[in-house]
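What follows is the residue order along each chain.
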Amino acid sequence: MKSFFGLILLAIALCDAHTLLTNVTINGRTTNECLRPATGDSSPIMASTGDRNGIMEANYTCGFLPHAARAAKASCPIAAGSLMNISYYHGAGYGDETPEKDFWIASSHRGPFLAYMTRWENSTGIPSGLAWFKIFHSGITKNATGDYKTIQWASPDTLNSNNGAMTVRIPPQLAPGRYLLRTEIIALHDSQERGAQPYIRCIDLTVTGTGTVIPKDLVALPGAVGYNHPGLRFNVYQTKNQVYPIPGPAVFDFTKASTQSGNGTIPDISCAGYPSGACPAPARCNMGTGRCECPEGFGVEGFQCIEGLVSSATSFTIFSGMLAILFFAL
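Draft legend 1. Highlighting the nonpolar core. Within the largest apolar cluster, 36 residues are counted, with the highest numbers of intra-cluster contacts made by Met84, Ile86, Phe113, Met117, Leu181, Ile203 and Leu205. Listing elements by their share of this core, those giving two or more residues are β1 (20-26), β3 (76-79), β4 (83-89), β5 (113-119), β6 (130-138), β9 (165-169), β10 (177-187) and β11 (197-208). Among residues more than four places away in sequence, those in contact with Leu181 are Met84, Ile86, Ala115, Tyr116, Met117, Ile135, Arg201, Cys202, Ile203 and Leu205.

This is how it looks when you write it as structure tokens:
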């Protein structure tokens, strides 16, 4: 009888499992010592990013609090320019999934992988406000027509092909110091109903090397992605070629940092004098300042207004690439 109930409990546990970052491999050494503590289960940060408050809570920074704000056992040293493997674990299959497909993440959990960093000299706590820059992201890796199952994603396809690991390179230009690396998988299988499911965990790193760049184009997490971002509402079950808008900012361009005031900014181009469509809706051009302004309740992400986004900016400039697209369309 006890063994019967044990099997029932095991089945329940597996059905509730999704994925959990379990270790990292740096220079051939695999460890979990530099992972910020987690709750011990593999639940996503929130059940629904469709909730206005879902991705605007503090848990969205490094994972469930208070665990994620506690110290890791160590800070893992890594040289700038080095690769590191970030490994996930899910467990044996459940339902109609096979263990081979479902070992590292539920195979239904299609979506992107994102990696951010922030300079953080403390062994405890998490940053707030504008602190993070993106070093890597991957969404759809192989597009296809026909059945949605032929379209490949960072999750689960890249994970499965790499034995449950995502590979990230620490930018070679990055200045040495203590950092937090924030990893995120966004599962989109239920995005049309209950919402997307982010799986987030932070890693303490000590970066070494001769790099000199400390990025200044920073975003807040939470805050960089609005609850209504199209990348969180994306329908992975479409059966035609998909173009997926990865949430958050662009990957920081370290190669241009030294020639762009050290922060990768794009030169200003006034929207005044161009057709009204030069500012993507719902932004409108302020003819006095030459900037595209977002309406109340919107924030800026890249070169667009996102509803519900908490951002330090409410306006932005257009750039030559956007103008080229505009006039080509005309």
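More follows now that the structure is in view.
Draft legend 2. Quick look at the sheet that holds β9. With antiparallel pairing, four strands are arranged side by side in an open sheet as β2-β1-β4-β9. Every other strand in the sheet has two partners, leaving β2 (29-31) and β9 as the edge strands with one partner each. Adjacent strand axes in the sheet meet at a mean angle of 25 degrees when their direction is disregarded. In terms of strand pairing, β4 meets β9 through five bridges, oriented antiparallel. Across the sheet, residue Asn85 finds its bridge partner in β9, namely Thr167.

Draft legend 3. Highlighting the pattern of salt bridges. Under the counting rule described, the total for this entry stands at six salt bridges. Note that Glu184 is salt-bridged to Arg182, the shortest N-O span being 2.8 Å. Classification of Glu184 by relative accessible area gives buried; the value is 1%. Salt bridges sharing partners connect three or more residues here, namely Arg36, Arg178 and Asp204.

Draft legend 4. Focus on the pairing of β3. Residues Cys76 and Ile78 line the buried face of β3, whereas the alternating positions Pro77 and Ala79 sit on a face that is not buried. Across four bridges, β3 lies against β11 in parallel orientation. Bridge pairing links Cys76 to Leu205 in β11.

Draft legend 5. Seen up close, unusual backbone geometry. Omega for the bond connecting Leu65 with Pro66 falls within 30 degrees of zero, at 5 degrees, which places this linkage in the cis form. Between Leu221 and the following residue, Pro222, the backbone shows a cis peptide bond with an omega angle of 10 degrees. With a phi angle near 55 degrees, Asn27 is a residue other than glycine that sits in the positive phi range. With respect to the element layout, Asn27 can be found in the loop between β1 and β2. The class for Asn27 is exposed, based on a relative accessible area of 65%.

Draft legend 6. How the structure looks around the state of the cysteines. For the structure on display, the rule yields two disulfides. Between the sulfur atoms of Cys34 and its disulfide partner Cys76 the distance amounts to 2.2 Å. Across the disulfide from Cys34 to Cys76, rotation about the S-S bond amounts to roughly -85 degrees, and the bridge is consequently left-handed. Linking Cys34 in the loop between β2 and α2 (59-62) with Cys76 in strand β3, this pair joins segments that are 42 residues apart in sequence. The burial state of Cys34 is the same as that of Cys76; both residues are buried. Note that Cys62 is cross-linked by a disulfide to Cys202, the S-S spacing being 2.0 Å. On the sign convention where negative is left-handed, the bridge of Cys62 and Cys202, at about -80 degrees about the S-S bond, is left-handed. In this pair, Cys62 is assigned in helix α2 and Cys202 in strand β11, connecting sequence segments 140 residues apart. In this structure, Cys62 and Cys202 share a single accessibility class: buried.

Draft legend 7. Geometry of the packing of aromatic side chains. The tally for this structure, following the rule as stated, stands at seven aromatic pairs. Relative to Phe254, the ring of Phe133 has its centre 6.1 Å away and its plane inclined at 70 degrees; by these criteria the two rings are edge-to-face. Of this pair, Phe133 sits in strand β6 while Phe254 sits in the loop between β12 (219-220) and β13 (284-286), and the two are 121 residues apart along the sequence. With a relative accessible area of 7%, Phe254 lands in the buried category. Relative to Phe254, the ring of Phe252 lies with its centre 4.8 Å away and its plane at 80 degrees, an arrangement referred to as edge-to-face. Just as Phe252 is buried, Phe254 falls in that class too. Put simply, the rings of Phe133, Phe252 and Phe254 touch in pairs and so form one group of aromatic residues. Between the NZ or CZ atom of Arg182 and the centre of the ring of Tyr60, over which it lies, the distance is 4.7 Å.

Thresholds, definitions, all that
Along each chain, the written sequence defines residue order, and numbers are assigned to residues from 1. Note on the predicted model: pLDDT of at least 70 is required for a residue's local features to be given, and 80 or more for side-chain atom pairs to be given and counted; whole-chain, interface and lining totals, by contrast, use all residues. As a rule here, side-chain values come from all non-hydrogen atoms in the structure, and water together with hydrogens is ignored. We call a set of buried Ala, Val, Leu, Ile, Met, Phe, Trp, Tyr and Cys residues a nonpolar core when their side-chain atoms join them within 4.5 Å. With a 1.4 Å probe rolled over the protein chains alone, any residue whose accessible area is under 20% of its type maximum counts as buried; one over 50% counts as exposed, and the rest are partly exposed. Under the DSSP-based scheme used, a helix requires at least four consecutive residues in state H or I and a strand at least two consecutive residues in state E, with every element numbered from the N terminus. Only heavy atoms matter for contacts: two residues are in contact if any of them lie within 4.5 Å across the pair. Any two strands with at least two DSSP-identified bridges between them are counted as paired. Axis definition: a line fit to C-alpha positions, over the contact stretch in the case of helices; interaxial angles, taken between N-to-C directions, run 0 to 180 degrees. Within this document, salt bridges are pairs made up of a side-chain nitrogen of Lys or Arg and a carboxyl oxygen of Asp or Glu, the two lying within 4 Å of each other. Any two cysteine sulfur atoms within 2.5 Å of one another count as a disulfide. Each Phe, Tyr or Trp ring, with Trp reduced to its six-membered ring, pairs with another whose centre is within 6.5 Å; inter-plane angles below 30 degrees give stacked pairs, above 60 give edge-to-face pairs, and intermediate values give tilted ones. Counted as over-ring charges are cases with an Arg CZ or a Lys NZ within 6 Å of the ring centre that also lie within 35 degrees of the ring normal.

By themselves these figures say nothing about function.
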